[in-house]
Amino acid sequence: MSLKRKDLVSIASLTLDEITLILDTADSFKEVSGREIKKVPALRGKTVVNLFFEPSTRTRTSFELAAKRLSADVINFSPSSSSVVKGETLLDTARNIEAMQADIIVLRHPDAGAAETLANGVKSSVINAGDGWHEHPTQALLDLFTMREKKLNFKGLRVAIVGDIAHSRVARSNIFGLSKLGAEIRAVGPPTMIPVHLDRLGVRVYYDLDEALRGVDVIMMLRLQLERQGRALFPSIREYSRLYGLTAERVRLAEAGALVMHPGPVNRGVEMAPEVADSFSSVILDQVANGVAVRMGILYLLSGAN
Amino acid sequence: MLPGLVDLHVHLREPGFEYKDTIQTGTAAAVAGGFTSVCCMPNTSPVNDNQSITEFILEQARLAGNAHVFPVGAITKGSEGKELAEIGELRHAGCVAISDDGQPVMNSLIMRRAMEYALAFDLPVIDHCEDLHLSEGGCMNEGLVSTQLGLPGIPSAAEDVMVARNLALAELTTARLHLAHLSTAGSVRMVRAAKSRGIRVTAEVCPHHFSLTEEAVRGFNTHAKMNPPLRTWQDVQAIKEGLRDGTIDVIATDHAPHAVQDKQQQFAAAPNGIVGLETALPLTLALVEEGFLSLEAAVAKLTTEPARAFGLSKGSLAPGADADVVMVDPEAQWEVDPARFRSKSRNTPFAGWKVKGRVITTIVAGRVVHDAA
Amino acid sequence: MIAPEKKARDQETLVMDASEVARALTRIAHEILERNKGTQEIALVGIRTGGVHLAHRLARRIQEIERAQVPIGELDITLYRDDLGIRKDQPVLRKTSIPFNVSDLNVILVDDVLFTGRTIRAAMDGLIDLGRPAEIQLAVLVDRGHRQLPIKATYIGKNIPTSREEIVHVYLEEEGEEDRVVLLKNASGGAR
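Since the model is a prediction, treat every value here as computed from it, not as a measurement. (Residues numbered from 1 in each chain as written. Chains lettered and ligands numbered in written order. Predicted model: local features only at pLDDT ≥ 70, side-chain atom pairs only at ≥ 80, totals over all residues. Heavy atoms only, no water.)

On to the overall build of chain C, then. Each helix and strand counted, chain C has four helices and eight strands in total. Helices and strands in chain C line up, N terminus first, as α-β-α-β-α-β-β-α-β-β-β-β. Relative to the globule expectation of 16 Å for 192 residues, the C-alpha radius of gyration of chain C, 16 Å, shows essentially globular dimensions. In chain C, which comprises 192 residues, the proportion classed as buried is 51%. If you take every contact in chain C between residues at least 6 apart in sequence, the share linking residues at least 24 apart comes to 71%. Of the roughly 9,400 Å² that chain C leaves accessible, carbon and sulfur atoms contribute 47%. (Helix = DSSP H or I, 4+ residues; strand = E, 2+ residues; numbered from the N terminus. Rg over C-alpha atoms; globule rule 2.2 N^0.38 Å. Buried < 20%, exposed > 50% of the residue type's maximum accessible area, 1.4 Å probe, protein only. Contact = heavy atoms within 4.5 Å. Areas by Shrake-Rupley, 256 points an atom, 1.4 Å probe, with all protein chains shown as cover.)

This next bit is on the sheet that holds strand β6 (residues 184-188) of chain A. Backbone-to-backbone hydrogen bonds join strands into a sheet, with any given pair of strands oriented parallel or antiparallel. Residue and element names in this part refer to chain A. A sheet is described by the order of its strands in space; here five strands give the open sequence β7-β6-β5-β8-β9, paired in parallel fashion. Edge positions in the sheet fall to β7 (203-206) and β9 (259-261), since each has one partner strand and no second. Strand-to-strand twist across the sheet, computed as the mean angle between neighbouring axes with direction ignored, equals 20°. The pairing of strand β5 (residues 158-162) with strand β8 (residues 218-221) spans four bridges and is parallel. Within β8, the residue paired with Val162 across the bridge is Met221. (Pairing = 2+ DSSP bridges. Axes fitted to C-alpha atoms, helices over the stretch in contact; angles between N-to-C directions.)

Quick look at the pattern of salt bridges now. One pass over the structure, following the stated rule, counts 50 salt bridges over all chains. Of the charged contacts in the structure, one is a salt bridge between Lys95 of chain C and Asp27 of chain A, with a shortest N-O distance of 3.6 Å. Linking Lys95 of chain C in the loop between β3 (72-75) and β4 (106-114) with Asp27 of chain A in helix α1 (residues 16-33), this pair reaches from one chain into another. Here Lys95 of chain C falls in the partly exposed class, since its relative accessible area comes to 36%. On the basis of relative accessibility, which here comes to 28%, the residue Asp27 of chain A falls in the partly exposed class. In this structure, Lys356 of chain B engages Glu289 of chain B in a salt bridge whose closest nitrogen and oxygen atoms are separated by 3.1 Å. Of this pair, Lys356 of chain B sits in strand β13 (residues 354-364) while Glu289 of chain B sits in helix α11 (residues 280-290), and the two are 67 residues apart along the sequence. Assessed through its relative accessible area of 23%, Lys356 of chain B is described here as partly exposed. Taking the relative accessible area as the measure of exposure, Glu289 of chain B reaches 56% and is therefore exposed. What emerges from the salt-bridge pattern is a single network uniting Lys195, Asp249, Glu305 and Arg308 of chain B. (Salt bridge = Lys/Arg side-chain N within 4 Å of Asp/Glu carboxyl O.)

With 24 residues of chain A in contact, the opposing surface of chain C contributes 18 residues. At the boundary of chain A with chain C, total buried surface from both sides reaches about 1,700 Å², with 56% on carbon and sulfur atoms. Counting every contact that joins chain A to chain C gives two salt bridges. In this structure, Lys4 of chain A and Asp89 of chain C form a salt bridge, with 3.0 Å as the shortest nitrogen-oxygen distance. (Buried area = accessible area lost by both parts, 1.4 Å probe.)

With that settled, consider the side chain of Asp143 of chain A. All names here are of chain A. Position of Asp143 relative to the elements: it lies in helix α6 (residues 137-149). Buried Asp143, no salt bridge; nearest opposite-charge side chain is Arg295, N-O distance 8.1 Å. Every residue in contact with Asp143, bar those within four places of it in the chain, is listed here: Val170, Asn174, Met220, Met261 and Gln287. (Lys, Arg positive; Asp, Glu negative; His and termini not counted.)

Right, let's talk about helix α6 (residues 156-173) of chain B for a bit. All names here are of chain B. With 18 residues, α6 ought to run about 26 Å at 1.5 Å a step, and its terminal C-alpha atoms sit 26 Å apart, in line with that. If you check which residues of α6 are buried, you get Ala158, Glu159, Asp160, Met162, Val163, Arg165, Asn166, Leu167, Leu169, Ala170 and Thr173. Of the surrounding elements, those touching the buried residues of α6 are α4 (108-119), β6 (125-127), β8 (153-154), β9 (177-179), α7 (185-196) and β10 (201-205). Taken from the residues just after α6, Thr174 is the one with a positive phi, measuring 60°. (Expected span 1.5 Å × (residues − 1).)

Residues and elements named next belong to chain A. Here Asn290 shows up in helix α12 (residues 284-301). Overall, the relative accessible area of 0% leaves Asn290 in the buried class. For Asn290, the side chain forms a polar contact with the side chain of Glu149, separated by 3.1 Å. Beyond its immediate stretch of four places on either side in the chain, Asn290 contacts Lys30, Leu142, Phe145, Thr146 and Glu149. (Polar contact = N/O pair within 3.5 Å; in protein donor to acceptor, adjacent residues only side chain to side chain.)

Turning our eyes to something else, we now look at the packing of α6 of chain B against α7 of chain B. Residues and elements named next belong to chain B. Where α6 meets α7, the axes come as close as 9 Å, and the angle between the chain directions of the two elements is 15°. Considering their axes alone, α6 and α7 lie roughly parallel with respect to each other. Note on packing geometry: the crossing formed by α6 with α7 is right-handed. Note on element contacts: α7 touches α6 through Gly186, Ser187, Met190, Val191 and Ala194, opposite Glu159, Asp160, Val163, Ala164 and Leu167. Residue classes in the contact of α6 with α7 are distributed as six nonpolar, two polar and two charged. (Parallel < 35°, antiparallel > 145°, perpendicular 65-115°, else oblique. Left-handed = near helix turned anticlockwise from the far one by under 90°. Nonpolar A, V, L, I, M, F, W, Y, C, P; charged D, E, K, R; others polar.)

Turning to the confidence of the model for chain C, a few remarks are in order. Taken residue by residue, chain C gives an average pLDDT of 90. The fraction at 70 or more is 91%. In the predicted assembly, ipTM is 0.94 and pTM is 0.91. (pLDDT = per-residue confidence, 0-100.)

A few words now on the interface of chain B and chain A. Tallying the contact residues gives 19 residues for chain B and 22 residues for chain A. In total, about 1,600 Å² of surface goes out of reach between chain B and chain A, with carbon and sulfur atoms giving 61% of it. The interface formed by chain B and chain A includes zero salt bridges. In this structure, the connection of chain B to chain A is made through four residue pairs in polar contact (both at pLDDT 80 or more). Of the residues belonging to the side of chain B that touches chain A, the class tally is eight nonpolar, nine polar and two charged.

Structure representation (structure tokens):
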């Protein structure tokens, strides 16, 4: 089986077989990252453009490393706010980049749907590296990869996703992916951060963290966007942290050996106590390492001639 | 043969946005869709908040020689919601109603004063009902689809609270209130109750709000982006019920042309609105086909009812009326092809739809202005 | 490796049966030991997927002869293929697993069929990315000719003259078939 698509814009659009293929392929690339010479020639002569309309050092670096380990040429392009002010549309920008023979465009954009709009407008392959609150498919795939690597079986796996679900592309992509794989998903956060009709996506909604954590196999914490304070979503960081922060004591409510995940960067002492982030249950650094292998897998699978 | 159709809600884009549409192309689209009279919204650039803009519009309409154009003036200067526009002068220049369309009057005191002041001229006050705080940043209905797509939502309540406010102010001031493009079940319910209590209110809905739901947004389809947004199946049912029982008086298009490059953007960046003049009649006749409305009632909501709401001597074939006539083949089936629109713009979610009911000939003031035969 | 269709089976010619395959492997095992003067410096690396099974068989025979364990690795050459840039869909990637340092060893690459030589070129590049072997040798069950690169096998089970259009298919027990090598004539589809 091969990935018969030009783009990767969402987890929602992937079939179960495609998710499995990506995870299996990433598994093979993990070996490459363990070598002394961490480079293979698979994407020699291909050009990957990281088109980032939002700052994100981590995701961009991960994609850059993945592309370089595949021998692709990588260009980082962060349109200045000035060209946006000048009225240049996303497609204008992308077509300019395409004219430079980009094979794959990795897009990070503050607006939901930007990746799909771009994918429909250019011939290059488009990989969504996060679009607004919509999806962050490569993050979810690396999360799934990490869970699978820790020998977890997705069928019936109990996963609690904690934090600002409404404004989180990481949460959405994971919800779509985990539900396709048959996991039981719990979403936890203050009601102001739970989007409407979330229950209709097969997710159980909790407002009480302690109750939600009981018996879960995976605790997936979301990053609190501190700038949202003052938008009436939560009264103060102090109160948020007390109600929804993960402490060592709370981790003990979960199944023994439960994994603690976080897409990074962690607000230590806000959504997660420092000792939890550094604890044995935390797989946060595995997630980062797996991110490169998963992105190599995706770049490889999408690198066929268009 | 029908009386020429009357549209209370169009955007002709001139002056200011001639690349989207002009008075010439917009009125050509109108007559192609069977509309012989259109009321154009003041959100041009500059805003139609004074006599000279109104006169300019009327002059361009006369030169175009297509449909009758009835300008709607601004409620506040620059539609900024701060100071009242010179409503008396606008009335004198030919405006038939006032509205800050697209920029709802958020300040309830200003709205109260506008309604009171308009009483002097018996001018209808139109409001685009939207609480801008509740809808802040939103670009589609808040519901299952917005949750799945991660798009910021506009809750029904953003419309409902302003409908409630406007009805309360209409009751207070006894002004003539016209509620533009209602989209929610809550609005229909409140208007029904208000009418039964004798408040002077008329209400309009747009064909897209009874033909489509939020599902049309899937795939980030910018041709399904409008404000108010497409709502749910329940809202569509409530609107149809409102049309049937007379709660909703008028079907208007909210014809809002946008150039291809405007709509070819990520969903949040794309402007609101669709073109509607050339698809409104068949979409309305579909309600007759479905059995929701009688043919007479459907036609009335496109002719006599809108004319009555704004006090226009239009929409009737009675002896002595203007010779504004449209010949329609109600059985003719056709496929919506935006490439054939008379409007400059092509932004419709109905492309490829098989519809029934076609305008054959349109006559304005005794002159054939459109002939498809 | 794609199993031929029923219809094509009628045109099969048996070129090696199970006992011939067994004898060829035994001979290659002896040749490897002779050439490398024992098992001290050698490692076997099978090229996925047919070569992997053959590498394990050779290791078993060497074990029987010399009572010594030879390190075995499995090499997936997909990332080193020379047609990745022009294919529409990328081939499925399998894991490379070489649990020893190849540097300073005599690495014996093992494959089932030697044809154009492109696979072996890719395998050598892949191997060299993992370290610097003292020597790379090549063992194949069948050499069918038609080289497109200057590559020559060190150990050959059997030379089989073929035309370009024919297909050589190696069936192995490990894949649930009786050991044999067959030649498919006039078959449509890619040659191998």
